[in-house]
Structure formats: C-alpha cells, structure tokens
Amino acid sequence: MSQKVLDALQGKHGPALELVESQHGDEIAWIKRDHLVTVATWLRDDPAMLFDAPVFVTCIDRLDWRPLGAPASTHWSDASGKPRFEIAYQLRSHTHRHRLRLKIAVPEHDARCPSLAMVWPAFNWQERETFDMYGIRFESHPDLRRIYMYEEFVGYPLRKDYPKEKRQPLVRRDDLPVSTPRFGTKPEGGHR
Amino acid sequence: MAASDVTSLKQLVLGRQDVQDLSDTETELAPELMTINMGPSHPAMHGTVRIVLTVDGEKIVKGDVQPGYLHRCFEKESEHATYTQVFPYTDRLNYVSPMINNCGWAMAVEKLMDLTARIPKRAEYIRVIVSEMSRMTDHLTCIGASAMELGAFTAFLYFLKAREWLYGLLEKVSGARLTHSYVRVGGVSKDLPDNFDAELTHTLDEIVKVMVEVEDLLNNNRIFRDRMAGIGAMTKAQALASGCVGPIARACGVDYDVRKDYPYSIYPEVEFDVPVGTTGDCYDRYLVRIEELKQSIHILRQCLKQIPDGPVVVDDHRVALPPKRDTYNTIESMIRHFKHIVDGIRVPAGEAYSFVEGGNGELGFYVVADGTGRPYKAYVRSPSFVHLSTAEDLIRGHFIADVVPIFGMINMIGGECDK
Amino acid sequence: MGVEITTTRLEDAAKWAKQSLVERATNWGRKFSLFSYPFVTACCGMEFMSVAGPKYDLARFGAEFPRFSPRQSDLLMVVGTVTEKQGPALKRVFDQMAEPKFVIAFGVCASTGGFYQNYSTMPGCDQVIPVDVYIPGCPPRPEQVLDAVIMLMERIQSGRGHSQLRTKRDALIADQAADE
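1. Notes on the interface of chain C and chain A
The interface is formed by 11 residues belonging to chain C together with 14 residues belonging to chain A. When grouped by side-chain class, the residues that make up the side of chain C that touches chain A number three nonpolar, five polar and three charged.

Given below as structure tokens:
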C-alpha cells in the first residue's frame, strides 16, 4: 500500500537498507543498525515522507523459530549465524496516510540498538519496555531502566529461554516458605 | 512622594527593612522541594500506577510515573495458548471495552490468514454493534469515574445505571457481563438473541435521557469547568510526536480516527462524525467523549436497521468449528472439533499488524505466526501505555489536585497499559 | 515461650462459641458497619463499582463508604490481580490497618492467580496476607459479592474472622503465661 515509501527509501538511503518486503499489505524495510538514526530522522523530516506519528517498537526473539511446513534452512539455530533478535519500529504519517515498519537485526552477543527516543518521544517508554522484556540496550536513551518489572528482577522475561512460571517474589507471608519454583516438565521453548 | 516617604511607608506596611537587611534565618529558609508518593494503591490512580511527585509547595516540579503494577504477561501467556484461547486474555486488556479488543485480535489473525474479505456481513455487523456498545461502556465509565473523583458523585451513579443496562444486554449476547470472549476468528461465536433490536433501541432511548441529565449537571457547572478547563493542555505537535491517538489526540485537533482513515469492517457503510477539539485540555477531552457517545448511539441505530441475515462464522473448515449436530454424530466432525480445540487454528507463518479504534484510540495487535496453532509472538500496541508516558509532561506546573482530572481524562486502563 | 495452641472445631465450639453478650453486641456492630478499603487493581474493579452502584447496592448491608485510607478502614477488599511488584504495597496497606481487620479476596486472580500463572502474577493475595473470604469468578457477578459479604458478616458475628481469632489466641497465650 505504501510502495512509494519503499521506493523513495531505496532511492535516498539505498546503502542503509538490507532488504525491503511487503507482507499482508504492510511495508517492511530492513535497516542496518548503524544507519538507523539517519534514516529515521530523514523519514520524520522529509516533506514527502513526514512520518510524524510513531506507533510501536518491539522485539522478536527468533530462538524457537521453526515454522511448520517450511524447509529446515529457515529455522533459526545458534550455528546458522543469523541474528537472534529483530527490533521492529512501526511508523505512521498523519498527513500522507502511509505506514512503514523498520526492522533491525540484532545479534545476541551484541544486543544493542541506537535509540530513537530523541527522534520521536513516544519511543522513550516503549524502548524501556523492550529493554525490560528482552534485554536490548538502546544507546543514548535518556533513561534506560526497567518499566514493568521491579529493579530486583533478574533476567529478561519475554526471551524464549525464560520459563513462563519462574517467579521471583519480593515478599511472602512470614509463615509461608518461599518455595523454589518448579517450572514443569514440558520441554523448554514452547510445545509443538 | 519623596524617596524617604516611600521607604517609611514600606517599613510601616511590611514591618521590616529592605531585603538586604533580612536576618540569616530568613534567607536560609528557602523553599525546599518535597517528594510525595501517589499510589500504587490510590483511588484516583485507577488501581495501579505510582507517581513519585516532587513538589514545590503545591506545584508539581517533576513527576516520575511508574507503571507495571498490573503486568500480567499477556505476551508470554499468548505464546503458550492457542489463537482462540487468547481471546479471554484480550478481554482483560482494556477491560472497560472488551469487545473491541476481541475484534482487534480476531482481525489480526484474519489478516494473517487473508480471511478479511470473506467474513460474513452479519458477523461484521454484529461485531460493530457490540464494539460500539463496548465503546459506550468505556466512555460512560471514564466520564463517570472522573466526575466522581472531582466530587460529582451523582453523575457517576447516573452513568453507572446506564452502564448496567448495557451490561445486561451484553450479557444476553455473550453470556458474561464484563469479560465476554464473544468474537472468534472468522466471525462471532453465536448469533444475537431474539428480540435484541427492540431491547437495544429501548436502552438507547433511555441512555439518551440519562446523558441529557448528566450534561445538564456537568457541562456548565462552574466547579467542573474550573477544575477541567485549561488543565493538562497539549499541543497538536506534541500529541502526534508522543504517539497519542483516540479522544486525547482528537481533543488537541488531530483529526485521526481509525474508523474513518483506515476503515475496516462495515464502518464505510454507516454514517457518523468524528468530534475534534481545539485546546487539548481536560474539558475538551470530556466534550469529545460525550460527543462520541452520541455518535455511537447513532451508529448503533443505523446498524440495527441495516443488519442482514446470514451465517455468523465464515464457512472455512480451517477456522470454524463444525456445527454441534455434526460434532456429536459424525466422527470426522468430532476429530475436526478436537483438533481445533487442542491444536488451535493453523495460521501460516508470517507477521501482520492490524489495528482497530479502541475506546482509547488505535489499539493494534502485531502478531508473528509460525504455522502452528499458537502465536509465536503477540504484541499489543496499547494506547493507554503511550498516553501514560505523556502524563509526566502534562502534570508539570500544575497543582497536586490537578493530577486527578488529568489522570482521569487520560483514561489509563491498567490492564491495557501494563498488558 | 513454648506455648502450643492447637485448635480443633470441638475446641472452637467449647471455648470460643460461647460468646458473652458484650462480645455478641460488638460483633453485631462490627458486621453492620464495615468500612472497606477497595484495593482495586484490575477488571474486578468494574464489578466492584457495580456492586457499590445503585443496582446491586452494597450500602444496604452497612458497607456504604469506601475509606481510602487503611488507618480508617476495617475491611480490605483485594480486587483484581496482585502482581509481585504490588506485593510490598499490599502488605504495607494490610499492616497499617488496625485490628480487627478482615480481608476479602475478590475475584479468582486475588484468590489463586486465576489463569495468569506467570512470572509476574502472585498466585493469590493470600501469599502475603491472610484472607477471610474468597470470591471466585472472573469477574464474579455482583450477587456473588453480596453473598460473600453476608458470609463474612456471619463469620464476624460468630467471632471467627482471622483477626478476631488472632486476638483471642493472643489473649489465651497471655492468660496461660500469667497462670504459670
């Protein structure tokens, strides 16, 4: 639907792009991590683009990515060298009525991404949420600390290797023992 | 007057010498900033937000808003549940307008399966009817609770009475007063009950009367206007850059309504207006919500006239449960029913972002599917979370008592904010 | 101190069911003048509003006014999901209330955690505070809530709320220690 956005992006910032695609009517542009802030500022300020309304930022953890019916080459594994995390930024233009999703591939060993909180203030809290849940450090974020979980929480809960029921209680009744959590006997990483 | 006369007059009035002659104690008693904690259990915090205020007297200098006290892990739970089992979790996101969340999730999964064009017309009309009823309960609760927090207890009780009628009707439709889980992927779970349109028409007429009463009480009420007008104003540019949507953005002059700009379902076939405000303060937000209530009533009346007959679920074996008669009598249907319930709807691998106009604005679901019956990732773009992030800027410079109307009119719903 | 108090229902009936007139009168007063502290967190709050509203009126049972300060209330209604982050706040609010105090766990999330069994949800508010009456339901119908309030009132009248039993147990321990 916003194919012209992708074309303009390819024309102006071709080297910063890794891939463009369109899924179910959504336009997606994969941006290289180091060029993200330049591309984002251009998208916000260029009169033909004018992406003035940020929508969301989140992260996808591909640790358990084994799509049914797809060949094994598309599955994610440690050895394949593909990055484990994908940050997705969704943008909207109020004046031109087009939408765009920017995706950035982030490897596990170097889980950081430039912050867009200075470009659009809405991403301030949302990047904090992504940091809290997935552990992605956003560089030059003004206030990067946990937002949903408490400071004493250890770990990043929405990663696929964090068990769903592993609680870290802050307080319990005096007459109740703080029991060690049993995470069940299901194989980690969801069920098939 | 001679200079000496002025100084002697000042001394007479103030009773002391000029500022340079103040004693050490008086200069050292400089005003200090005080830290006050509001929440997390506070009646005006709608449950679960903690604001650590730094105040200079009564004026707020800085507010550290801390959400997360109702984080119920919608995303993690969705990864372990089938697509249909996620519907109860979506109910509890924006729990004052649950049907809209249900519809949003159903539309996201249908977008992934390319089913959007094949949903039966009757199912679409039913979805819009219950969504608009849920939008009405949302606005009634928001305005009622905000009015109560300002002291207008009568308005709260009148709107609660109106909300009870809507809850009764929604209970007849879905079986539950509040957390319906009524919508399904491909349609809705069951048809409307008999005599529904007569009852809804009667209820709407009664609600119009209640609204007239409450508007008489509040719109030109000196206390209400003093406490709401000019408080928490936001400019149009600020609203857009902060990601604000819904009644809050519309009160600032941002003309954005998903139902008009990216129309979905049968909204192109009904006529309605979108109220847009000017100043962006709390009073404008209140007026926008009152006007949206009237527009929802208008939409409902049109839908009741235009709703066609027909099936309520798409006729696709990948998505719809077989009819009960077949389930109990043929083994193929029983197996199909079993696979649907246990394995879930198989959604082909891919990702999609689909959004609806919730009670608070653009409520979006970003779903990543991997071909199995359980979502790989289900992210909720919750408008309340984004609006709460603007609260810090809105309360700066106001008094502590102004936090209450600002917070009330943001309509931060804990379940949606903290997911 | 080494004083062991174990109770069975028989002992209950023997020792504590015999209530003096004064105790029966004070319990009657307590049960019909419950000042609730609605510790509202989530969706059940909507049903709490309905219960306190004009149709299902909680005021006719004497529990008219919510007192939004724990110092001034004696019924803590934990309405909605309690998360681990909220735990210290809940415990603090409960500790600030003066005896005799009663707790109603409103909704299945406050009772057992409901269908939220995950890293952030406390499996029931009774992990931090003792609960007198549990109300299942997601959210419970207002009639269920009224039933629970009546149940709590019966417990208060018979002197069996957790807080009343604690007071009696402490008095019993003090008596036994004084006898020695």
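2. Here we look at the pairing of strand E2 (residues 50-56) of chain B
All names here are of chain B. When strand E1 (residues 34-38) meets E2, the two strands line up antiparallel, connected through five bridges. Residue pairing across strands places Met38 opposite Ile51, the latter belonging to E2. Where E2 lies against strand E3 (residues 59-66), seven bridges are found, and the strand directions are antiparallel. The residue bridging Leu53 from the neighbouring strand is Gly63, located in E3. Turn length for the E2-E3 hairpin, with the two strands adjacent in sequence and antiparallel, is two residues, and the turn residue Gly57 shows positive phi of about 75 degrees.

3. Side note on the interface of chain A and chain B
On the side of chain B, 35 residues touch chain A, which itself brings 31 residues to the contact. Only strand E3 (53-61) and helix H3 (123-134) of chain A provide two or more residues apiece to the side of chain A that touches chain B. At six residues, the largest contribution of residues to the side of chain A that touches chain B is made by E3 of chain A. Looking at the side of chain A that touches chain B residue by residue, the classes come out as 18 nonpolar, eight polar and five charged.

4. Re the environment of Thr154 of chain B
Residues and elements named next belong to chain B. Note on placement: Thr154 falls in helix H7 (residues 153-174). A tally of 14 C-beta atoms within 10 Å means that Thr154 is categorised as partly exposed. Separated by 60 residues in sequence, Thr154 and Val214 have C-alpha atoms that sit 8.4 Å apart.

5. With respect to the packing of helix H13 (residues 282-306) of chain B against helix H17 (residues 403-410) of chain B
Residues and elements named next belong to chain B. At a closest axis distance of 10 Å, the pairing of H13 and H17 adopts a crossing angle of 35 degrees. Of the two possible hands of crossing, H13 and H17 adopt the one that is left-handed. Two secondary-structure elements touch here, H13 through Cys282, Arg285 and Tyr286 and H17 through Pro405, Ile406 and Met409. Split into classes, the residues belonging to the contact of H13 with H17 amount to five nonpolar, no polar and one charged.

6. Quick look at the environment of Arg66 of chain A
Residue and element names in this part refer to chain A. Structurally, the position occupied by Arg66 is in the loop between E3 and strand E4 (85-92). The class for Arg66 is buried, based on 20 C-beta atoms found within 10 Å. Considered as a pair, Arg66 and Tyr89 are 23 residues apart in the sequence and their alpha carbons are 24 Å apart.

7. Topic: the pairing of strand E3 (residues 102-106) of chain C
Residue and element names in this part refer to chain C. With respect to burial, E3 is a largely interior element, five of its five residues being buried. Alternating positions in E3 separate into two faces, Phe102, Ile104 and Phe106 on one and Val103 and Ala105 on the other, with burial throughout. Of the strand pairs in this sheet, strand E2 (residues 75-79) and E3 are connected by five bridges, and their pairing is parallel. Within the sheet, the bridge partner assigned to Leu75 lies in E3 and is Phe102. Read from E2 through helix H4 (residues 87-96) to E3, the crossover connection turns out right-handed.

8. A short note on the sheet that holds strand E6 (residues 350-358) of chain B
Residue and element names in this part refer to chain B. The strand order across the open sheet built from three strands is E6-E7-E8, with neighbouring strands paired in antiparallel fashion. Of all strands in the sheet, those with a lone pairing partner are E6 and strand E8 (377-381), marking the two edges. On average, adjacent strands in this sheet sit at an angle of 15 degrees to one another, irrespective of strand direction. In this structure, E6 lies alongside strand E7 (residues 361-369), joined through nine bridges in antiparallel fashion. Directly across from Gly350, in E7, lies its bridge partner Ala369. Along the sheet, helix H5 (residues 98-112) makes contact with E6 and E7, crossing E6 at roughly 150 degrees.

9. Quick look at the packing of helix H6 (residues 121-149) of chain B against H13 of chain B
Residues and elements named next belong to chain B. Two elements in contact, H6 and H13, have axes whose closest approach is 9 Å; the angle formed by their N-to-C orientations is 155 degrees. Put simply, H6 runs roughly antiparallel to H13. Where H6 crosses over H13, the handedness of that crossing is left-handed. Contacts between H6 and H13 involve Tyr125, Val128, Ile129, Glu132, Arg135, Met136, His139, Cys142 and Ile143 from the first element and Tyr286, Arg289, Ile290, Glu292, Leu293, Ser296, Ile299, Leu300 and Cys303 from the second. In terms of residue class, the contact of H6 with H13 is built from 12 nonpolar, two polar and four charged.

What counts as what
Once a new chain begins, its residue numbering starts again from 1 and follows that chain's sequence as written. Chains carry letters from A onward and ligands carry numbers from 1 onward, assigned in written order. Where local features are concerned, this predicted model is filtered to residues with pLDDT of at least 70; where side-chain atom pairs are given and counted, the filter is 80 or more; whole-chain, interface and lining totals use all residues. A pair of residues counts as a contact when their C-beta atoms, built from backbone coordinates, are within 7 Å of each other. Charged residues are taken to be Asp, Glu, Lys and Arg, nonpolar residues to be Ala, Val, Leu, Ile, Met, Phe, Trp, Tyr, Cys and Pro, and polar residues to be all remaining types, Gly included. By definition, two strands form a pair when at least two bridges between them are found by DSSP. Segments assigned H or I by DSSP are reported as helices when at least four residues long, segments assigned E as strands when at least two residues long, and all are numbered from the N terminus. Buried residues are those with 20 or more other C-beta atoms within 10 Å of their own C-beta, exposed residues have 12 or fewer, and partly exposed residues lie in between; C-beta atoms are placed from the backbone. Under this scheme, a helix contributes an axis fitted over its contacting stretch, all axes are lines through C-alpha atoms, and angles between N-to-C directions fall in the 0 to 180 degree range. Two helices cross in a left-handed way if the nearer one is turned anticlockwise from the farther one by less than a right angle. They cross in a right-handed way if the turn is clockwise. Here is how to tell: hold the view so the strands point away, follow the path from the first strand over the helix to the second, and if it runs clockwise the crossover is right-handed. These descriptions rest on fixed angle ranges, namely under 35 degrees for roughly parallel, over 145 for roughly antiparallel, 65 to 115 for roughly perpendicular, and the rest for oblique.

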